[in-house]
Amino acid sequence: MEKIRTIIIDDESLARDLVKSYLSNIDQVEILGEYSDGFQGLKAINELNPDLIFLDVQMPKLTGFELLELLDKPYNIVFTTAYNEYAIKAFEHNAVDYLLKPFSQERFADAISKAISRLENQAEKSNIIEKLKEHEDNNKEELNRIVVKSRNKIYIIAVDDIRYFEAQDDYVMIYTKKGHHLKQKTMKYFETHLNPKEFCRIHRSYLIRIEEISKLEPYEKDSWMLILKSGEKLKVSKNGYKLLKQQLGF
């Protein structure tokens, strides 16, 4: 088997040094580089196409899970973190392994063995991206920001800056106070993961921030039109009208 080409992504220099120290005793592995934040790591993954990635979960700017969401194809990931609450989430992403800091050389060697086994048997290699999407669609964690990749730029959108969402086939257009961004997600995902006291699904095509509402007007028979503070007009379905009544208390 050819050497396993790997990179290390961790904001802590001591953690990176530990991984490098353990890898120095393993002839099958070649270190391509080390990176201190998710943005540098993402660029390195796209340029180097490594066989294996040691990835910290909690990092400034871009977390490990947010980085995974921006990948265009599956990679073999060994998560490294000081927080055990991410273990289940990591394995649901089809991670090779999950190392809880501080980890021993013996435990590290076990993770490498798992990586070698997976690389040798490509038939067992699952699509991490699909697993990530499936997990995110099923868990109930409330969003506080959304990461969007557009061409060569990455945008981190605070939920507080979002005005409304619009469904567009397999994508959702996110309208913010500064512009709009297209994200490959479902409206159901955003409806499930946003605070229901702040957002309301007024139509199968629209999910709006309640405080953006200016007024509600009759449109056609048994239908309504929502006027936003910006002056934009959005259709309201029967079910959306019921939800609005409940949330606005009228």
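Here, residues in each chain are numbered from 1, in the same order as that chain's written sequence. The predicted nature of this model means local features are confined to residues of pLDDT at least 70 and side-chain atom pairs, given and counted, to a pLDDT of 80 or more, with totals for whole chains, interfaces and linings taken over all residues. No hydrogens and no water enter the side-chain calculation; it runs on all heavy atoms of the structure.

Peer 1: How would you explain the nonpolar core if you had to name every residue and give the values?
Peer 2: Put simply, buried Ala, Val, Leu, Ile, Met, Phe, Trp, Tyr and Cys residues joined by side-chain atoms within 4.5 Å make one nonpolar core. Exposure is judged per residue with a 1.4 Å probe applied to protein chains only, and the accessible area is read against the type maximum: over 50% gives exposed, under 20% gives buried, and values in between give partly exposed. Among the nonpolar cores identified, the biggest contains 22 residues, and Ile9, Ile45, Ile53, Leu55, Leu67 and Phe79 are the most heavily contacted of them. With residues near it in sequence (within four places) discarded, Leu55 still touches Ile9, Gly64, Leu67, Leu68, Ile77, Val78, Phe79 and Thr80. Counting residues in hydrophobic clusters, the runner-up holds 19 residues, among them Tyr22, Ile26, Phe54 and Ala115. Contacts are residue-level and defined by heavy atoms, with any inter-residue pair within 4.5 Å sufficient.

Peer 1: So what about the pairing of strand S8 (residues 162–168)? Which residues, and what values?
Peer 2: Helix numbering and strand numbering both begin at the N terminus, where a helix is a DSSP run of H or I of at least 4 residues and a strand a DSSP run of E of at least 2. Of all 7 residues in S8, 5 are buried, a share of seventy percent or more. For two strands to count as paired, DSSP must find a minimum of two bridges between them. Of the strand pairs in this sheet, S8 and strand S9 (residues 171–176) are connected by 6 bridges, and their pairing is antiparallel. Opposite Ala167, over in S9, you have Val172 as the bridge partner.

Peer 1: Tell me what's going on with unusual backbone geometry, and back it up with residues and numbers.
Peer 2: The omega torsion of the bond from Lys101 to Pro102 falls at -10 degrees, within 30 degrees of zero and hence cis. Examined against the element boundaries, Pro102 turns out to sit in the loop between strand S5 (97–100) and helix H5 (105–120). At Lys61, a position not held by glycine, the phi torsion is positive, near 75 degrees. Structurally, Lys61 is set in the loop between strand S3 (52–56) and helix H3 (64–69). Although it is not a glycine, Asp169 sits at a positive phi angle of roughly 55 degrees. Along the chain, the position of Asp169 falls in the loop between S8 and S9. For Asp169, a relative accessible area of 82% gives the class exposed.

Peer 1: Account for the sheet that holds strand S13 (residues 213–218), naming residues and giving values.
Peer 2: Spatially, S13-S14-S15 is the arrangement adopted by the 3 strands of the open sheet, whose pairing is antiparallel. Strands with a single pairing partner mark the edges of an open sheet, and in this sheet they are S13 and strand S15 (233–236). Pairwise comparison of adjacent strand axes, ignoring direction, gives a mean angle of 30 degrees for this sheet. Pairing of strand S14 (residues 224–228) with S15 involves 4 bridges; the strand directions are antiparallel. Each bridged residue has a counterpart across the sheet, and for Leu226 the counterpart in S15 is Leu234. To get an axis, fit a line to the C-alpha atoms, keeping to the stretch in contact for a helix; angles then go from 0 to 180 degrees between the N-to-C directions.

Peer 1: Please provide a residue-by-residue account of the packing of helix H1 (residues 13–23) against H5, values included.
Peer 2: At a closest axis distance of 10 Å, the pairing of H1 and H5 adopts a crossing angle of 70 degrees. Judged by the angle between their axes, H1 and H5 are roughly perpendicular. Each of Val19, Tyr22 and Leu23 in H1 lies in contact with H5, whose residues at this interface are Gln105, Phe108 and Ile112. Each residue belonging to the contact of H1 with H5 can be placed in one class, and the counts come to 5 nonpolar, 1 polar and no charged. Roughly parallel means an angle under 35 degrees; roughly antiparallel, over 145; roughly perpendicular, 65 to 115; everything else is oblique. Polar here means any residue other than Ala, Val, Leu, Ile, Met, Phe, Trp, Tyr, Cys and Pro, which are nonpolar, and Asp, Glu, Lys and Arg, which are charged; Gly is therefore polar.

Peer 1: Please give an account of the pairing of S13 that cites residues and values.
Peer 2: Bridging between S13 and S14 involves 5 bridges; their strand directions are antiparallel. Its bridge partner being in S14, Ile213 is matched across the sheet by Leu228. With antiparallel pairing between neighbouring strands as the criterion, S13 and S14 make up a hairpin whose turn holds 5 residues, including Asp222 at a positive phi of roughly 55 degrees.

Peer 1: Would you mind going over the environment of Met187 in detail, with residue names and values included?
Peer 2: Counting through the fold element by element, Met187 comes out in helix H7 (residues 187–193). What makes Met187 buried here is its relative accessible area of 5%. Note: C-alpha distance between Met187 and Asp170 (17 residues apart in sequence) is 9.4 Å.

It is worth stressing that arrangement in space is one thing and function is another; only the former is reported here.
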